[in-house]
Amino acid sequence: ILNVEQSPQSLHVQEGDSTNFTCSFPSSNFYALHWYRWETAKSPEALFVMTLNGDEKKKGRISATLNTKEGYSYLYIKGSQPEDSATYLCAFISGSSNTGKLIFGQGTTLQVKP
Amino acid sequence: GAVVSQHPSWVICKSGTSVKIECRSLDFQATTMFWYRQFPKQSLMLMATSNEGSKATYEQGVEKDKFLINHASLTLSTLTVTSAHPEDSSFYICSATPGDRWATDTQYFGPGTRLTVL
């Protein structure tokens, strides 16, 4: 059974704080890692698709890194804003999949207080 | 950006009835659509993968006769929960992808459907 773990489960920060959270996944047979942001009552929004070890991607104040050899990815938010409050999901695709099956972690719920 | 709609957003039904959920890609053609469900405090779990015009591929443990998936066009997939029971109460969400690079193409998600079976 392929397991994807995210930590912490939830996080409360003050506006302006920078924060980061972790996604751990199986290091063997890696193919791709997806990050999504999911606001309540909305559709999950795609942030990044990462495939190469050492990849670093950035979108505004959000960035992500990838270490496929040790099986983890970090998501960073610089200068958190209240609108960053959401659940952040990572999803792993195994090299043994041929259907694009995303295996999701449980998510990290971020709350940014003004 | 690519938009996926889902209808209804919530539904309450009696045990034994069937419920149909629609997933539409509004501004792109979806070669592949995926159906996930999420039970409370659990991760999104893939139920099945569907390609237009062909039979869906179900994940292990998902009953294909209970969860009927029809991907009749490149913009519409439907999930029908047949003879629903309270244990089918869950959050169902679809995603769609326009490309054929199955691992690296972004999956665009609908907003989900909350199903409650009484």
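Our structure is the block above this text.
How each quantity is defined
Residues numbered from 1 in each chain as written. Chains lettered and ligands numbered in written order. Predicted model: local features only at pLDDT ≥ 70, side-chain atom pairs only at ≥ 80, totals over all residues. Heavy atoms only, no water. Helix = DSSP H or I, 4+ residues; strand = E, 2+ residues; numbered from the N terminus. Rg over C-alpha atoms; globule rule 2.2 N^0.38 Å. Buried < 20%, exposed > 50% of the residue type's maximum accessible area, 1.4 Å probe, protein only. Contact = heavy atoms within 4.5 Å. Disulfide = S-S within 2.5 Å. Buried area = accessible area lost by both parts, 1.4 Å probe. Salt bridge = Lys/Arg side-chain N within 4 Å of Asp/Glu carboxyl O. Polar contact = N/O pair within 3.5 Å; in protein donor to acceptor, adjacent residues only side chain to side chain. Pairing = 2+ DSSP bridges. Axes fitted to C-alpha atoms, helices over the stretch in contact; angles between N-to-C directions.

Caption draft 1: How the structure looks around the overall build of chain A. Within chain A, the regular secondary structure consists of 0 helices and 11 strands. Listed by position from the N terminus, the elements making up chain A come as β-β-β-β-β-β-β-β-β-β-β. Computed over its C-alpha atoms, the radius of gyration of chain A comes to 14 Å, within 12% of the 13 Å expected for a compact globule of 114 residues. Projected onto its principal axes, the C-alpha coordinates of chain A cover approximately 45 × 30 × 20 Å. Here chain A, with 114 residues, has 50% of them falling under the buried criterion. For chain A, long-range pairs separated by at least 24 residues make up 54% of all intrachain contacts whose partners lie at least 6 apart in sequence.

Caption draft 2: Geometry of the state of the cysteines. Residues and elements named next belong to chain A. Within this structure, the stated rule accounts for 2 disulfides over all chains. Covalent S-S linkage joins C23 and C90, the inter-sulfur distance amounting to 2.0 Å. Taking the torsion about the S-S bond as the criterion, the C23 to C90 disulfide, at about 80 degrees, is right-handed. Here the residue C23 occupies a position in strand 3 (residues 19-24), and C90 occupies one in strand 9 (residues 86-94), the gap between them amounting to 67 residues. According to the relative accessible area criterion, C23 is buried, its value standing at 0%. Look at C90 and you get buried, because its relative accessible area is 0%.

Caption draft 3: Quick look at the side chain of D88(B). Residue and element names in this part refer to chain B. Inspection of the secondary structure puts D88 in the loop between strand 8 (76-81) and strand 9 (90-97). Overall, the relative accessible area of 5% leaves D88 in the buried class. Among all residues touching D88, those that are not within four sequence positions of it are K66, F67, V81, S83 and L115.

Caption draft 4: Representation of unusual backbone geometry within the structure. The omega angle of the peptide bond from S7(A) to P8(A) is -5 degrees, so this bond is cis rather than trans. Tracing the backbone shows P8(A) in the loop between strand 1 (5-7) and strand 2 (10-14). Residues H7(B) and P8(B) are joined by a peptide bond in cis, for which omega reads 0 degrees. Looking at the element boundaries, P8(B) is found in the loop between strand 1 (4-7) and strand 2 (10-13). The phi dihedral of S83(B) is positive, around 45 degrees, even though this residue is not glycine. For S83(B), a relative accessible area of 33% translates into the label partly exposed.

Caption draft 5: Examining the interface of chain B and chain A more closely. Counting residues at the interface gives 22 residues for chain B and 22 residues for chain A. Regarding the contact of chain B and chain A, the summed buried area is about 1700 Å², with carbon and sulfur atoms giving 63% of it. Our count for the chain B to chain A interface comes out at 1 salt bridge. The shortest N-O distance in the salt bridge between K101(A) and E59(B) comes to 2.6 Å. Our enumeration of links across chain B and chain A arrives at 6 residue pairs in polar contact (both at pLDDT 80 or more). Elements supplying a minimum of two residues to the side of chain B that touches chain A: strand 4 (32-38), strand 5 (45-51) and strand 9 of chain B. Sort the elements by how many residues they give to the side of chain B that touches chain A and strand 4 of chain B lands first, with 3 residues.

Caption draft 6: Just the sheet that holds strand 3 (residues 19-25) of chain B, in detail. Residues and elements named next belong to chain B. Taken in spatial order, the 4 strands make up an open sheet running 1-3-8-7, and their pairing is antiparallel. Each having just a single partner strand, strand 1 and strand 7 (67-73) make up the two edges of the open sheet. For this sheet, the mean angle separating the axes of adjacent strands, direction not counted, is 15 degrees. Bridge count for strand 7 against strand 8 is 5 bridges, and the pairing is antiparallel.

Caption draft 7: Highlighting the sheet that holds strand 8 (residues 72-77) of chain A. Residue and element names in this part refer to chain A. Strand order in the open sheet made by the 5 strands is 1-3-8-7-6, with antiparallel pairing throughout. Two strands in the sheet have a free side with no partner beyond their single neighbour: strand 1 and strand 6 (56-59). Across the sheet, the mean angle separating the axes of adjacent strands is 15 degrees when strand polarity is ignored. Here strand 3 runs beside strand 8; their pairing, made up of 6 bridges, is antiparallel.

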